[in-house]
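# A closer look at the structure
If you want the building blocks of each chain, they are given just below.
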Amino acid sequence: MKYRSNINIKLIISKICNIISIALIPTIAFYLWIFVQGFREYGIRDMGMYLTYGLAVLLLVSLYVIVFFAKEEKITVAVCASMVIIQAFMGYYGFIAPQKDLAVECQAVMLEKDEEVKHSFDLPTADLSIRTKDVDGMLNANYPFVTETSGLNNWSWGTSNDLRSVISRMGYATSYTRLLETGGTAFSDALLRMQTAVSNRDLNSDLYTQIQEKNGTKLYSFDHTLPFGIILKCDPVRFEEDLKGAGSYPEFTNTVYRAFTGFDDELLTTYPVTSVKETQSDDSQSESLFRSYLSIKDRSILYIFCSDDAQGTYEFAINGEKVMVPYLTEQDNTYFPVYFNNGMLECGTYENEMLDISIRSLSDSTEGLYYAVMPVDKLDRAIETINENSPHLETHFGKASLSMYTDSSRSGRLFIPVGYNSSWKLKINGKNATPGSMMSGAFLAVDIKEGQNFIEFRYVPTGLLPGVFASVLGIGILILIIKYYDRIRSFTADKARFGSVIYYAGAAVFAAVIILFYVIPIAKWISMEVRVFSMFRQFIT
């Protein structure tokens, strides 16, 4: 006699999946809570908490897979709704709630500082061609959005790789996921149209003039400024080739300086740091004190430049006075990691003196350190020459457009300090033209002729029209499905094979979307995080 089993395996699997999915909710919430607590206090500085975050993400992915196999509509809706609520709350609590001293950059005190600067000073909000500079890095990276001004600061996800690369080669900071204004040189500041600056300190009087002060924060104007559009004074192709061959930040600056002035000398002169070790502290700290001397004759701005060979963290003191390296809420910081500001540190202006420079090294070496000296008279001459050779531009900024008019006395390639993107559309004197780029594809450029030039840039995001078409098509299909749902259901019921084809085709599309929009971006993000964490580990150690 044969017995047929009445056990429904699919039903058992479904019930088990339902139980597991419900049980995972408090577990995931617990892991996310631990992560957010650490993130609020230590921000990106504490790498240990990311193991907890990884476990939470793994469990979350497992949860959705289990719910998919559970095939219980009410349970699926309840679980997904719970996870949406939990994640929304964690996001609010972690990024918006009051923060502690070493919290993430979104902490309330930095946003309050943005608002204070916005309402305390007369910032150039009307003219978007003028940039403001956060010299000390005391404001949120998105402060231009908060203060309604133009600035270089940005979350780097909103900028192109070419622009980030060139900005970093100018000596500006590209810290973690941020593009910052800290660093750079007086010449690069002028080139990028920076004309006002905010700081908690007394800035170099050879570069800035104080115009306002309130609650300890000061507003400055730049003493060296350039127009919004500058004509290149050399062959554009040769200029791009020279930039590719410029290795260090000073070489890059000198190449740009020669291209826009027509001079054949150097603006920045570099000297390797020659030093003598004086003392060495306890071996557990590997900290050594070096002494170095540098003779300055003509009035010059002194920068310290870290090449790729430099390692670790340094503290500099010139003639007994420590060089300040302010950063976020640590405005009294004096330690300078080699990758901070991408290795460029402004140390002040000196004239006719022998500088006594002490260097405290946490890596027991000064190898890879250079002094970069910029004579003030050369900077003055460069700014004056470029201003004389540049056409007068009338500019107008729209929400997604830039219009310029010039009656130029000569033709040439015009450099525009706005990030290049293939989404820019260009018209010159009413005729369509192809937008050009300059500095390895980082900035906009346009060829102008002698005489009148009306230039109009419009920003039309790539994929906007196909996206609108796809959205309208999808909405139309959804409306048809809702309207004729009963007919479709009866048809697929009669044509079971056809219904299964539709089901698997839909599943394939869904899987493709998951891979394109989640798996691949997350994989790229993880690979980038590994590189970033190695940098922070080097800084911490």
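Below: a short report on this structure. Predicted, not measured: the structure shown is a model, and the values here were computed from it.

### Comments concerning the layout of surface pockets
Approximately 1000 Å³ is the volume attributed to the second largest pocket. Those elements that provide at least two residues to the lining of the second largest pocket are α5 (143-147), β2 (150-151), β20 (401-408) and β21 (412-419). Per element, the largest residue contribution to the lining of the second largest pocket is three residues, and it comes from β21. Looking at the lining of the second largest pocket, its residues break down into 17 nonpolar, 14 polar and two charged.

### Quick word on the pattern of salt bridges
A side chain of one charge can pair with a side chain of the opposite charge if their charged atoms are brought near each other. Applying the stated criterion to the full structure yields 15 salt bridges. Among the salt bridges present, the one from Lys218 reaches Asp202, with a minimum N-O distance of 2.1 Å. Of this pair, Lys218 sits in strand β7 (residues 217-222) while Asp202 sits in the loop between β5 (194-199) and β6 (208-214); the two residues are 16 residues apart in sequence, bridging distant segments of the chain. Classification of Lys218 as buried rests on a relative accessible area of 10%. Beyond isolated ion pairs, a larger network of salt bridges with shared partners links Asp206, Arg299 and Glu351.

### Considerations on helix α10 (residues 376-389)
Taking 1.5 Å per residue, 14 residues should reach 20 Å; α10 reaches 20 Å between its end C-alpha atoms and fits that length. Those residues of α10 that sit buried are Val376, Leu379, Ala382, Ile383, Thr385 and Ile386. Elements that come into contact with the buried residues of α10 comprise α7 (186-191), β8 (230-231), α9 (249-261), β12 (300-306), β16 (344-350) and β18 (369-375).

### Focus: empty space enclosed by the protein
With the rule as written, the count across this model stands at five cavities of 30 Å³ or more. Its boundaries defined by the atoms lining it, the largest cavity holds a volume of some 50 Å³. Lining the largest cavity are ten residues; nearest its centre among them are Asp134, Gly137, Leu139, Leu180 and Leu328.

### Section: a negative patch on the surface
Taken together, Asp298, Asp377, Asp380, Glu384 and Glu388 make up a surface patch of like negative charges. As for its position among the elements, Glu384 is in helix α10. Judged by relative accessible area, Glu384 falls into the partly exposed class, the value being 49%.

### A few points about the sheet that holds β6
Here we have five strands laid out as an open sheet, ordered β2-β1-β5-β7-β6, and mixed in their pairing. In the strand order of this sheet, the two ends are held by β2 and β6, each with one partner. In this sheet, β2 lies alongside strand β1 (residues 131-134) in parallel orientation, the contact comprising two bridges. Its bridge partner lying in β2, Thr132 is registered against Gly151.

Calculation rules
Residues numbered from 1 in each chain as written. Predicted model: local features only at pLDDT ≥ 70, side-chain atom pairs only at ≥ 80, totals over all residues. Heavy atoms only, no water. 1 Å grid on protein atoms, 1.4 Å probe; cavity = no way out; pocket = protein on both sides within 12 Å on 5 of 7 lines; lining within 4 Å. Points joined across faces, edges and corners; volume = space filled by probe spheres on them. Helix = DSSP H or I, 4+ residues; strand = E, 2+ residues; numbered from the N terminus. Nonpolar A, V, L, I, M, F, W, Y, C, P; charged D, E, K, R; others polar. Salt bridge = Lys/Arg side-chain N within 4 Å of Asp/Glu carboxyl O. Buried < 20%, exposed > 50% of the residue type's maximum accessible area, 1.4 Å probe, protein only. Expected span 1.5 Å × (residues − 1). Contact = heavy atoms within 4.5 Å. Patch = residues over 30% accessible without salt bridge, like charges linked within 9 Å, V, L, I, M, F, W, Y side chains within 5 Å. Areas by Shrake-Rupley, 256 points an atom, 1.4 Å probe, with all protein chains shown as cover. Lys, Arg positive; Asp, Glu negative; His and termini not counted. Charge placed at Lys NZ, Arg CZ, Asp CG, Glu CD. Pairing = 2+ DSSP bridges.

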